[in-house]
Amino acid sequence: MKRSLDEMFCGLLRVALGLSQVFPYIPTPKEWQALYTMAHRQTLLGVVYNALARLPKESQPPHLLMLLWARDAEAIRGKNLLFNQESARYTKMFAERGFRSAILKGQANARLYPDPLSRHPGDIDIWVSGGYEKVLALLQGLGIQNLEHVTPDYHDIEFVNENNVLVEVHHKPTSATYAVRLNKTYDEVLKVLEPELENLTLTSEGFYSPSIRFALLMQLVHLYKHALLSGVSLRQYTDYYILLTHSTEADRQYTWEFAKKIGMKSGCAAIMGVLGRVFKLPQDKMLCKPSRFYSRVLYKSTFAEGDFGAKKAYRRNVLKRWFDDRVQNLRIFPIAPRYYIYKESNYWVKTISLIPERIRRRKIAL
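Rules used in this analysis
- Residues numbered from 1 in each chain as written.
- Predicted model: local features only at pLDDT ≥ 70, side-chain atom pairs only at ≥ 80, totals over all residues.
- Heavy atoms only, no water.
- Helix = DSSP H or I, 4+ residues; strand = E, 2+ residues; numbered from the N terminus.
- Rg over C-alpha atoms; globule rule 2.2 N^0.38 Å.
- Buried < 20%, exposed > 50% of the residue type's maximum accessible area, 1.4 Å probe, protein only.
- Expected span 1.5 Å × (residues − 1).
- Pairing = 2+ DSSP bridges.
- Axes fitted to C-alpha atoms, helices over the stretch in contact; angles between N-to-C directions.
- Contact = heavy atoms within 4.5 Å.
- Parallel < 35°, antiparallel > 145°, perpendicular 65-115°, else oblique.
- Nonpolar A, V, L, I, M, F, W, Y, C, P; charged D, E, K, R; others polar.
- Salt bridge = Lys/Arg side-chain N within 4 Å of Asp/Glu carboxyl O.
- Phe/Tyr/Trp six-rings, centres within 6.5 Å; stacked < 30°, edge-to-face > 60°.
- Lys NZ or Arg CZ within 6 Å of the ring centre and 35° of its normal.

## Focus on the overall build of the chain
Then, in step 1: Each helix and strand counted, the chain has 16 helices and six strands in total.
Then, in step 2: For the chain, the C-alpha radius of gyration of 21 Å lies close to 21 Å, the compact-globule estimate for 366 residues.
Then, in step 3: Across its three principal axes, the chain shows a C-alpha extent of roughly 60 × 55 × 45 Å.
Then, in step 4: Here the chain holds 366 residues, and the buried ones make up 51% of them.

## Quick notes on helix H12 (residues 265-279)
Then, in step 1: Here H12 spans 21 Å end to end across 15 residues, near enough to the 21 Å set by a 1.5 Å rise per residue.
Then, in step 2: The buried fraction of H12 is high, at eleven of 15 residues.
Then, in step 3: Among all positions of H12, only Gly267, Cys268, Ala269, Ala270, Ile271, Met272, Gly273, Val274, Leu275, Val278 and Phe279 are buried.
Then, in step 4: The positive-phi residue at the C-terminal boundary of H12 is Lys280, with phi of around 55 degrees.

## Some thoughts on the sheet that holds strand E1 (residues 101-104)
Then, in step 1: The four strands lie next to each other as E1-E2-E4-E3, forming an open sheet whose pairing is mixed. Every interior strand has two partners, whereas the edge strands, E1 and strand E3 (156-160), have only one. Strand after strand, the sheet turns through a mean of 25 degrees between neighbouring axes, direction not considered.
Then, in step 2: Bridge count for strand E2 (residues 124-128) against strand E4 (residues 166-170) is four bridges, and the pairing is parallel. When the sheet's bridge partners are listed, Asp125 is paired in E4 with Glu168.
Then, in step 3: Sitting on the sheet, helix H6 (residues 132-141) is in contact with E2, E3 and E4, with an inclination near 15 degrees to E3.

## Description of the packing of helix H9 (residues 212-229) against H12
When two helices pack together, their arrangement is captured by the angle between the axes and the distance separating the axes.
Then, in step 1: The geometry of H9 relative to H12 is characterised by a closest axis approach of 10 Å and an angle of 90 degrees between their N-to-C directions. Looking at the two axes, H9 sits roughly perpendicular to H12. Note on element contacts: H12 touches H9 through Gly267, Cys268 and Ile271, opposite Leu220, Leu223 and Tyr224.
Then, in step 2: A breakdown of the residues in the contact of H9 with H12 according to their chemical character gives five nonpolar, one polar and no charged.

## Examining the environment of Leu244
Then, in step 1: Inspection of the secondary structure puts Leu244 in helix H10 (residues 234-245).
Then, in step 2: Judged by relative accessible area, Leu244 falls into the buried class, the value being 0%.
Then, in step 3: When the C-alpha atoms of Leu244 and Glu96 are compared, they prove to be 34 Å apart, with 148 residues separating the residues in sequence.
Then, in step 4: Once residues within four sequence positions are removed from consideration, Leu244 is found in contact with Leu216, Arg252, Met272, Leu275, Leu281, Lys285 and Leu287.

## Quick look at the pattern of salt bridges
Then, in step 1: Scanning the model with the defined rule gives eleven salt bridges in all.
Then, in step 2: We note a salt bridge from Arg97 to Glu96, for which the minimum N-O separation is 3.9 Å.
Then, in step 3: Across the pair Glu257 and Lys260 runs a salt bridge whose closest N-O atoms are separated by 3.3 Å. With Glu257 and Lys260 both in helix H11 (residues 249-261), this residue pair falls three residues apart, about one helical turn.
Then, in step 4: On the basis of relative accessibility, which here comes to 38%, the residue Glu257 falls in the partly exposed class.
Then, in step 5: Each member of the salt-bridge network shares a partner with another, and the members are Glu86, Arg89 and Glu162.

## Focus: the environment of Ser87
Then, in step 1: When you line up the elements, Ser87 lands in helix H4 (residues 63-95).
Then, in step 2: The sequence separation of Ser87 and Leu193 amounts to 106 residues, and the corresponding C-alpha distance is 21 Å.
Then, in step 3: What Ser87 contacts, discounting residues up to four positions off in sequence, is Ile103, Gln107, Ile124 and Phe207.

## Description of the packing of aromatic side chains
Then, in step 1: Taken as a whole, this structure holds ten aromatic pairs when the rule is applied.
Then, in step 2: Taking the centre distance of 5.4 Å and the plane angle of 80 degrees together, the rings of Tyr36 and Trp69 count as edge-to-face. Of this pair, Tyr36 sits in helix H2 (residues 29-41) while Trp69 sits in helix H4, placing them 33 residues apart in sequence.
Then, in step 3: A connected cluster of aromatic rings, assembled from ring pairs, spans Phe23, Tyr25, Trp32, Tyr36 and Trp69.
Then, in step 4: In this arrangement the basic side chain of Arg277 is found over the ring face of Tyr299, its NZ or CZ atom lying 3.6 Å from the centre.

Take a look at the structure:
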């Protein structure tokens, strides 16, 4: 059977999520190593590990790699327990001082997975009521040090706590995408999201989770922005797939109308195309009709760039890398022309501003 690594990886992911009972490949040891690396790049080591135990022994990875993968999966489980504990602790701490809160993304998404402890946690995003000034005063009153993004224009205030967990305290439920800023509809987006924060559910883990409708709206904006500007991993697409499977038809219709209103029609169709290709999501569970043409761009960049672009594999040849980046950026033009203009103009402004430094160091690339 003709195969590619990304097809094999998607097959493993579907088995891990219980979407398929069959993995129609027997990877070689070299391919298994590449699949492990891919799972790491896509921040899905824990989720994909759940597929391995379901495979026939002859189809499983080599013994040493299986042990390594099991160690990583166990570490992710421990990290999830810590993040759940910390989320509950901050929820209680803020509530005792009269502030409502809700966990956004992360642990709120994880609890919807077939195995909630398998999702790779990154940080704790927690919305706190009251607005910027009250939230800042709250954090300062708690004696929290090393606060970052201490400005009312930014959507959250960040700090790393004593357990080395990055905590992002949101005084606004989402950040503005460039397209939203350009359309001057950010206030309108907040007006749509903020009422949904009245519909919070206290979870068994001890923190509050927002409604599925809120999660669909907020995370669509988040996924759209990062998929086009910096790249995302398949973990973010997996999150959105999980949300869609827990949504109602009314939730999906409401989100689609919202997406069209703020200029995300093509981007939404591209995201749905990726979900259809990776998870075989039926169209009646999607927000809109998927676009195979647009989705190819996002699908390719996801496997190339990994988690928020942090794991992008760079070519050694500077000119080749430069050319590839320009072509990749150009591909997003049909999906989101404003994003393309924003991304490229930022690149050229930065490039020109660094010319004196390049001359001083006598280097083409810094």
